[in-house]
Amino acid sequence: MYLILFGPPGAGKGTYAKMLSEWFNIPVIATGDMLRDAIDKETPLGKKVRNYVQNGKLVPDDLMERVVAQELDSDDADDGVIFDGFPRNVNQAEMLGQLLRNKNRKIELVIELNTDDEEIIRRLSNRRVCPKCGEIYNLKNHPPQNNNMCDVCGTEIVQREDDKPETIKYRLKVYREQTAPLLQYYRNQPVEYIQLNTSGQLDDGIQRLKQKLEEIDISSI
Ligand code: ADP
Ligand code: ZN
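Overview of the structure. Everything numeric in this text was worked out from a predicted model, so none of it was measured.

Re the environment of Pro131
Consideration 1: With respect to the helices, strands and loops of the structure, Pro131 is situated in the loop between strand S5 (127-129) and strand S6 (136-138).
Consideration 2: With a relative accessible area of 43%, Pro131 lands in the partly exposed category.
Consideration 3: Between the C-alpha atom of Pro131 and that of Asn91, which follows or precedes it by 40 residues, the distance is 31 Å.
Consideration 4: Those residues within four positions of Pro131 in sequence are excluded, and the remaining contacts are Asp40, Thr155, Glu156, Ile157 and Val158.

Take a look at the structure:
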């Protein structure tokens, strides 16, 4: 199954992507993670995208298309993919549709996560990540056991450059202006559509998502 996770920064896309990946046993293509990884490793792609990512601006579509096309060419992507952070605008959605059509595949499910703005700002400003293994923490709700060290690999956790207050506001603006129109776009497409409010507790959101997936009978798509 090819599925898109869609929602503002801080809505929990990364967390839900990981979970859905285990449920459906399909890989995640998380473009934000891929770009950050390229930046850390100072690859040619990383050098091109660094300024965009750190300032919360969208990376140009042609670069993103190349990144995603390459991932889709991997055998791992044959049985389905969870897209986290892509597409980010209508043009990218068109590109993705075409890339999948070339492989006789299509998007079957779009899951829209939404969260109140206040909660988003709270979450992003408290978010810390492990620069080595990517584990995500929250200083308030989910701090590491051992003072600022990753529970998984022991590396010191850090704040993402784009989780600084000014950049958070800018990312929300980019989301509203460029990404939110995708909502209407996919509502006009023949895909299953699930909306999930993720403002509250994670466990509660997970339960509601399970219910919604059962309602649309995911096994048949
Ligand atoms: P979030 O959803 O928390 O804002 P992501 O990790 O998905 O974070 O993305 C971080 C940054 O990476 C974005 O602000 C943007 O600069 C870049 N990025 C990620 N995915 C895309 C995309 N599909 N198109 C353009 N830029 C992207
Ligand atoms: Zn770690």
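Regarding helix H7 (residues 165-179)
Consideration 1: The end-to-end C-alpha distance of H7 is 20 Å, a good match for the 21 Å that 15 residues give at a rise of 1.5 Å each.
Consideration 2: Along H7, the residues that are buried comprise Thr167, Ile168, Arg171, Leu172, Val174, Tyr175 and Thr179. Here the buried residues of H7 occupy an arc of 160 degrees about the axis, which is enough to place them on one side. Of the exposed residues in H7, the ones pointing more than 90 degrees away from its buried face are Pro165, Glu166, Lys169 and Glu177.
Consideration 3: In this structure, the buried side of H7 is in contact with strand S1 (2-6), helix H3 (44-54), helix H6 (117-126), S5 and helix H8 (182-187).

A short note on the site of ligand 1
Consideration 1: Surveying the vicinity of ligand 1 reveals 21 residues, the closest of which are Lys13, Thr31, Lys57, Gln92 and Arg171.
Consideration 2: Contact between ligand 1 and Lys57: an oxygen atom at 2.6 Å from a main-chain N or O atom of the residue.
Consideration 3: At a separation of 2.9 Å, a nitrogen atom of ligand 1 approaches a polar backbone atom of Gly85.
Consideration 4: Protein coverage of the free-state accessible area of ligand 1, which is 550 Å², stands at 95%.
Consideration 5: Those elements that place two or more of their residues in the shell around ligand 1 are helix H2 (31-40) and H3.
Consideration 6: In terms of residue count, the dominant contributor to the shell around ligand 1 is H2 (four residues).
Consideration 7: Grouping the constituent residues of the shell around ligand 1 by class yields eight nonpolar, five polar and eight charged.

Observations regarding unusual backbone geometry
Consideration 1: Put simply, Phe86 and Pro87 share a cis peptide bond, and its omega is -5 degrees.
Consideration 2: Take Pro87: it is sitting in the loop between strand S3 (81-84) and helix H5 (90-101).
Consideration 3: Not every positive phi belongs to a glycine, and Glu42 is a case in point at roughly 55 degrees.
Consideration 4: Turning to its location among the elements, Glu42 is positioned in the loop between H2 and H3.
Consideration 5: Positioned with a positive phi, Asn148 is a non-glycine residue whose angle comes to about 70 degrees.
Consideration 6: Relative to the helices and strands, Asn148 resides in the loop between S6 and H7.
Consideration 7: The class of Asn148 is partly exposed, set by a relative accessible area of 35%.

Observations concerning the coordination of the zinc ion (ligand 2)
Consideration 1: Note on the zinc ion (ligand 2): its protein donors are Cys130 (SG), Cys133 (SG), Cys150 (SG) and Cys153 (SG). The metal-donor distances range over 2.3 Å.
Consideration 2: In this structure, the zinc ion (ligand 2) is surrounded by four donor atoms whose angles at the metal cover 98 to 120 degrees, and the resulting shape is tetrahedral.
Consideration 3: Along the chain, the residues that donate to the zinc ion (ligand 2) are spaced as C-x2-C-x16-C-x2-C.
Consideration 4: For Cys153, a relative accessible area of 31% gives the class partly exposed.

Observations regarding the sheet that holds S3
Consideration 1: As summarised here, the arrangement of the five strands in space is S2-S3-S1-S4-S7, forming an open sheet in which the pairing is parallel. If you trace the sheet from one side to the other, it starts and ends with strand S2 (28-30) and strand S7 (192-197), each paired once. The sheet shows a mean angle of 20 degrees between the axes of neighbouring strands, taken without regard to direction.
Consideration 2: Two strands pair when backbone bridges link them, and S1 and S3 are joined in this way by four bridges, in the parallel orientation. Bridged to Ile4 within S3 is Phe83.
Consideration 3: Running at roughly 160 degrees to S1, helix H1 (residues 13-24) makes contact with S1, S2, S3, strand S4 (109-114) and S7 of the sheet.

Some points on the packing of aromatic side chains
Consideration 1: In the structure shown here, the tally under the stated rule is two aromatic pairs.
Consideration 2: Relative to Tyr175, the ring of Phe6 has its centre 6.1 Å away and its plane inclined at 45 degrees; by these criteria the two rings are tilted. Note that Phe6 is positioned in strand S1 and Tyr175 in helix H7, a separation of 169 residues in sequence.
Consideration 3: The exposure class of Tyr175 is buried, given its relative accessible area of 12%.
Consideration 4: Each ring, one from Tyr185 and one from Tyr186, has its centre 5.0 Å from the other, and the planes form 90 degrees; the classification is edge-to-face.
Consideration 5: With relative accessibility at 17%, the residue Tyr185 sits in the buried group.

Definitions and limits used
Residue positions are given per chain, counting from 1 as you read along its sequence in written order. Lettering for chains starts from A, numbering for ligands starts from 1, and both go in the order in which the items are written. For this predicted model, a pLDDT threshold of at least 70 governs which residues receive local features, and a threshold of 80 or more governs which side-chain atom pairs are given and counted, while totals over whole chains, interfaces and linings are taken from all residues. Calculation of side-chain values draws on the structure's entire complement of heavy atoms; hydrogens and water are dropped beforehand. Put simply, DSSP H or I for four residues or longer makes a helix, DSSP E for two residues or longer makes a strand, and each gets a number counted from the N terminus. Think of it in three bands: with a 1.4 Å probe and only protein chains considered, a residue is buried below 20% of the maximum accessible area for its type, exposed above 50%, and partly exposed in between. In what follows, residue pairs with any heavy atoms lying within 4.5 Å of each other are defined as contacts. One less than the number of residues in a helix, times 1.5 Å, gives the span that helix is expected to have. Along the arc lie the directions from the helix axis toward the C-beta atoms. Being near a molecule or strand, for a residue, comes down to having at least one heavy atom within 4 Å of it. Side-chain atoms alone can form a polar contact between residues adjacent in sequence; in general such a contact is a pair of N or O atoms within 3.5 Å, and within protein one must be able to donate a hydrogen while the other accepts it. The method behind every accessible area is Shrake-Rupley, applied with a 1.4 Å probe, and residues are considered shielded solely by the protein chains displayed. The classification used treats Ala, Val, Leu, Ile, Met, Phe, Trp, Tyr, Cys and Pro as nonpolar, Asp, Glu, Lys and Arg as charged, and all other residues, Gly among them, as polar. Here a donor is any nitrogen, oxygen or sulfur atom (N, O, S) within 2.8 Å of the metal, with 3.2 Å used for Na, K and Ca; water is not among the atoms considered, so some sites may look incomplete. Every angle between 85 and 135 degrees makes a four-donor site tetrahedral, while opposite donors more than 155 degrees apart, with all other angles between 65 and 115, make a four-donor site square planar and a six-donor site octahedral; other sites are irregular. DSSP bridges decide pairing: two strands pair if at least two such bridges lie between them. Axis lines are fitted to C-alpha atoms, over the contacting stretch for helices. Their N-to-C directions set the angle, which ranges from 0 to 180 degrees. Between 30 and 60 degrees the pair is tilted, below 30 it is stacked and above 60 it is edge-to-face, where a pair is any two Phe, Tyr or Trp rings, Trp via its six-membered ring, whose centres lie within 6.5 Å.

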